[in-house]
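Notes for the structure review
Next come the chains, spelled out residue by residue.
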Amino acid sequence: MELSKSQYSAFVKERSDSSPIVLDTVKAYAVGGAICTLGQAFKNFYLSLGLGDSLSSTAVSVTIIGIAAFLTALHVFDFIAKFAGAGTLVPITGFANSVVSPAIEYKSEGFVTGLAQKMFVIAGPVIVYGTAASFVAGLIYYIFTR
């Protein structure tokens, strides 16, 4: 039996739980803001150590990626992401999680055919299309600012 588009939409709507969009938005905003606040605290700390602005920004990125990877390895990041949704998945923490999760899941298959091969299954397309988009944006910027 094949369903029409309207029948399928009704079928999905009938069986789907409604999403509390306002609550989900507030949670994503709060957790994403907390991550950014933590990043700013690390930047202030690195600046107080005498690192310059550019180097302290790099150190913050590395620190936040490391924390997200560590929390992913401890299986804590998944609980935070389930609670906050896009609040954790959009920032750099989501990228770290997308690299570490498959690596952990497939490590039993070996370092080459498991861990290394699967590590960029999710993050790989993000890198490719992110790089392509930044190239196009840079090219457009270059053309219009000459």
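Described below are features of the structure shown in this document.

Thresholds applied
- Residues numbered from 1 in each chain as written.
- Predicted model: local features only at pLDDT ≥ 70, side-chain atom pairs only at ≥ 80, totals over all residues.
- Heavy atoms only, no water.
- Salt bridge = Lys/Arg side-chain N within 4 Å of Asp/Glu carboxyl O.
- Buried < 20%, exposed > 50% of the residue type's maximum accessible area, 1.4 Å probe, protein only.
- Helix = DSSP H or I, 4+ residues; strand = E, 2+ residues; numbered from the N terminus.
- Axes fitted to C-alpha atoms, helices over the stretch in contact; angles between N-to-C directions.
- Parallel < 35°, antiparallel > 145°, perpendicular 65-115°, else oblique.
- Left-handed = near helix turned anticlockwise from the far one by under 90°.
- Contact = heavy atoms within 4.5 Å.
- Nonpolar A, V, L, I, M, F, W, Y, C, P; charged D, E, K, R; others polar.

**Section: the pattern of salt bridges**
- The tally for this structure, following the rule as stated, stands at two salt bridges.
- The partner of Glu14 in a salt bridge is Arg15, and the shortest N-O contact between them spans 3.1 Å.
- Among the residues examined, Glu14 registers a relative accessible area of 62% and is labelled exposed.
- Its salt-bridge partner being Lys43, residue Asp53 comes within 2.8 Å of it at the nearest N-O pair. In this pair, Asp53 sits in helix H3 (residues 53-73) while Lys43 sits in helix H2 (residues 21-48), placing the two residues ten residues apart along the sequence.

**Some words on the packing of H2 against H3**
- Between H2 and H3, whose axes approach to 9 Å, the crossing angle comes to 135 degrees. Judged by the angle between their axes, H2 and H3 are oblique. Seen from above, H2 lies across H3 with right-handed handedness. Facing H2, whose interface residues are Leu38, Gly39, Phe42, Lys43, Tyr46 and Leu47, H3 presents Asp53, Ser56, Ser57, Ala59, Val60, Thr63, Ile64 and Ile67.
- Broken down by class, the residue content of the contact of H2 with H3 amounts to eight nonpolar, four polar and two charged.

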